[in-house]
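Chain by chain, the residues run as shown.
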Amino acid sequence: MSWKFWRRTPDPMPSPEGEQWERALINRMAREFLRDQRRGRFWGNLFKILGLLYLFVLLGALFSQDMLARLEPAEEHTAMVEVKGIISSETQASADNLVTALREAFEAEQVKGIILRINSPGGSPVQAGYVNDEIRRLKAKYKEDKGRDMPVYAVAVDLCASGGYYIAVAADEIYADKGSLVGSIGVRMDGFGFQKTMEDLGVERRLLTAGANKGILDPFSPLSEQDRAFVQVILDTLHTQFIQVVKDGRGDRLKGGDEVFSGLFWSGEQALELGLVDGLGSSGYVARELIGAETIVDYTKKKDLLESLGERLGAGVSAALLQILGREAPQASLR
């Protein structure tokens, strides 16, 4: 038997050339990392600066518009207040917004007349009633203070229906386009009934109340004839109030019969025949030919600076915070 002994060869010592190559590689990687860091900071800072510039420009534009809207023209002009969209306490066509704009128009020194430019399907009878009452009060107060009348005209655009017409009849005269839709003098309250659906799904409705009629109009409970009759009395009462307001505003100019108050609506030409409007014409026509001040200045109350900014930036969270949480009870509407 023979034995062989192997001698372990030691690892070679790193050469100076290898150490330099490794050092150069590390230095290169470090430089690339630092370059990427600087590039990332550069673009990040650039985007931040551009965002701030955009914000400042937007704020400046909105502020300028807001300031211009507050400047009262030195020349005689026609004041215009827009009634646009659903009439509700939470919309632009709320009584608060409309009344504020109307008061400013009546108080302005250079206003020769006021136009209510209406493009609305209606809405809350309460909000419409507030505006109608305030127009009449402001007209009476202006005559008492100035010794003359402030002419107020309503001009229907696409739609002047229900609550929109409720407001219009407070004006001295109403004008519309031949294609405008005018009327719809009625009251409605709508909802859905899910009782049959609940039964088909096998779901039991458990409604506990204190008060025999507290659960009236619950969509998951049957609508009894007693409940229906009770609600109908309310609707009829509101309808009677609406009819009286129209008669007070239009007087003997109304030429139609009971169909005028049936909830139907008509074109501008038909409305003229029925005495619902006084003539066909636009806001420009009324300002130029009737008021005598062709320059029209918009007194409509716009959204404030923060609301406009939030809307333009798509601030959904801001909009959500402005809404009231929870469901509202069914409401009667002039639509």
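Scroll up a little and you will see the structure.
Residues numbered from 1 in each chain as written. Predicted model: local features only at pLDDT ≥ 70, side-chain atom pairs only at ≥ 80, totals over all residues. Heavy atoms only, no water.

## Concerning the overall build of the protein chain
So, step 1. Scanning the protein chain from N- to C-terminus turns up 10 helices and 8 strands.
So, step 2. Burial analysis of the protein chain (335 residues in total) assigns 32% to the buried set.
So, step 3. Just so you have it, the protein chain exposes about 22300 Å², and 56% of that area is on carbon and sulfur atoms. (Helix = DSSP H or I, 4+ residues; strand = E, 2+ residues; numbered from the N terminus. Buried < 20%, exposed > 50% of the residue type's maximum accessible area, 1.4 Å probe, protein only. Areas by Shrake-Rupley, 256 points an atom, 1.4 Å probe, with all protein chains shown as cover.)

## Observations concerning the nonpolar core
So, step 1. By size, the foremost hydrophobic cluster in this structure holds 51 residues, and its most contacted members are Ile 114, Leu 116, Tyr 165, Ile 167 and Leu 276.
So, step 2. With 6 residues, helix 2 (residues 95–107) is the single largest residue contributor to this core.
So, step 3. For Ile 167, the contacting residues outside a window of four places in its chain are Val 83, Ile 87, Leu 98, Leu 116, Ala 128, Val 131, Asn 132 and Ile 135.
So, step 4. In terms of nonpolar packing, the next biggest core, distinct from the first, is built from 8 residues, Ile 115, Val 155, Val 286 and Ala 293 among them. (Core = buried A, V, L, I, M, F, W, Y, C linked by side-chain atoms within 4.5 Å. Contact = heavy atoms within 4.5 Å.)

## Description of a nonpolar patch on the surface
So, step 1. A surface patch of nonpolar side chains, amounting to about 360 Å² of accessible area, comprises Trp 21, Leu 25 and Met 29.
So, step 2. Along the polypeptide, Met 29 turns up in helix 1 (residues 16–70). (Patch = residues over 30% accessible without salt bridge, like charges linked within 9 Å, V, L, I, M, F, W, Y side chains within 5 Å. Salt bridge = Lys/Arg side-chain N within 4 Å of Asp/Glu carboxyl O.)

## Here's the deal with the pattern of salt bridges
So, step 1. Applying the stated criterion across every chain, the model contains 11 salt bridges.
So, step 2. Lys 143 is the partner of Asp 149 in a salt bridge, and the nearest nitrogen-oxygen pair spans 3.8 Å.
So, step 3. A network of salt bridges, in which partner residues are shared, links Arg 103, Glu 134 and Arg 137.

## Some points on the environment of Arg 253
So, step 1. Its location among the elements puts Arg 253 in the loop between helix 6 (225–250) and strand 6 (265–267).
So, step 2. Residue classification places Arg 253 among the partly exposed residues on the basis of a relative accessible area of 27%.
So, step 3. Beyond its immediate sequence surroundings of up to four residues, Arg 253 is in contact with Asp 172, Glu 173, Leu 274, Gly 275 and Asp 278.
So, step 4. For Arg 253, the side chain forms a polar contact with the main-chain oxygen of Gly 249, separated by 2.8 Å. (Polar contact = N/O pair within 3.5 Å; in protein donor to acceptor, adjacent residues only side chain to side chain.)

## Some points on the pairing of strand 3 (residues 152–161)
So, step 1. In terms of residue burial, strand 3 counts as a mostly covered element, since 7 of its 10 residues are buried.
So, step 2. As paired strands, strand 2 (residues 111–120) and strand 3 are joined by 6 bridges and run parallel to one another. Within strand 3, the residue paired with Ile 115 across the bridge is Tyr 153.
So, step 3. Assessed by its sense of winding, the connection that carries the chain from strand 2 through helix 3 (residues 125–146) to strand 3 is right-handed.
So, step 4. Direction of pairing for strand 3 relative to strand 4 (residues 173–176): parallel, over a ladder of 4 bridges. By the bridge assignment, Ala 154 is partnered in strand 4 with Ile 174.
So, step 5. Handedness of the crossover is the feature at issue here: the chain leaves strand 3, passes through helix 4 (residues 163–168), returns alongside strand 4, and the resulting connection is right-handed.
So, step 6. Here strand 3 pairs with strand 5 (residues 181–183) via 3 bridges, running parallel. Along strand 5, the bridge assignment pairs Cys 160 with Val 182. (Pairing = 2+ DSSP bridges. Right-handed = clockwise from strand over helix to strand, strands pointing away.)

## Notes on the packing of helix 2 against helix 3
So, step 1. At a minimum axis separation of 9 Å, helix 2 and helix 3 run at an interaxial angle of 15°. Between helix 2 and helix 3, the angle is such that the two are roughly parallel. Both helix 2 and helix 3 take part in a crossing whose hand is right-handed. Facing Ala 95, Asp 96, Leu 98, Val 99, Leu 102, Arg 103 and Phe 106 of helix 2, the residues of helix 3 in contact are Gln 127, Tyr 130, Val 131, Glu 134, Ile 135, Arg 137, Leu 138, Lys 139 and Tyr 142. (Axes fitted to C-alpha atoms, helices over the stretch in contact; angles between N-to-C directions. Parallel < 35°, antiparallel > 145°, perpendicular 65-115°, else oblique. Left-handed = near helix turned anticlockwise from the far one by under 90°.)

## Overview of the environment of Leu 181
So, step 1. Mapped onto the elements, Leu 181 comes out in strand 5.
So, step 2. A C-alpha to C-alpha distance of 4.9 Å links Leu 181 and Leu 159, two positions 22 residues apart in sequence.
So, step 3. What Leu 181 contacts, discounting residues up to four positions off in sequence, is Asp 158, Leu 159, Cys 160, Ala 161, Phe 265, Trp 266 and Ser 267.

## Observations concerning helix 8 (residues 283–291)
So, step 1. Three or more residues of helix 8 are buried, namely Ser 283, Val 286, Ala 287 and Ile 291. Viewed end-on, helix 8 has its buried residues packed into an arc of 95°, placing them on one side of the element.
So, step 2. Structurally, helix 8 contributes buried residues whose contacts are with strand 1 (77–84), strand 2, strand 3, strand 4 and strand 8 (296–298).
So, step 3. A positive phi of about 85° marks Gly 292, the residue just after helix 8. (Arc of directions from axis to C-beta.)

## Description of the pairing of strand 2
So, step 1. Among the 10 residues that make up strand 2, 7 are buried, leaving the element largely enclosed by the rest of the structure.
So, step 2. Bridging between strand 1 and strand 2 involves 8 bridges; their strand directions are parallel. Paired with Lys 84 across the bridge in strand 2 is Asn 119.
So, step 3. Regarding the hand of the β-α-β motif, the stretch spanning strand 1, helix 2 and strand 2 is right-handed.

## Description of the packing of aromatic side chains
So, step 1. This model, assessed by the stated rule, comprises 4 aromatic pairs.
So, step 2. Ring geometry for Tyr 153 against Tyr 175: centres 6.4 Å apart, planes inclined by 55°, an arrangement best described as tilted. Placement of Tyr 153 in strand 3 and of Tyr 175 in strand 4 is noted, with a sequence separation of 22 residues between them.
So, step 3. For Tyr 153, a relative accessible area of 11% translates into the label buried.
So, step 4. Ring geometry for Tyr 166 against Phe 242: centres 5.0 Å apart, planes inclined by 40°, an arrangement best described as tilted. Of the two residues, Tyr 166 is situated in helix 4 and Phe 242 in helix 6; the sequence distance between them amounts to 76 residues.
So, step 5. Overall, Tyr 166 belongs to the buried group, its relative accessible area being 11%. (Phe/Tyr/Trp six-rings, centres within 6.5 Å; stacked < 30°, edge-to-face > 60°.)

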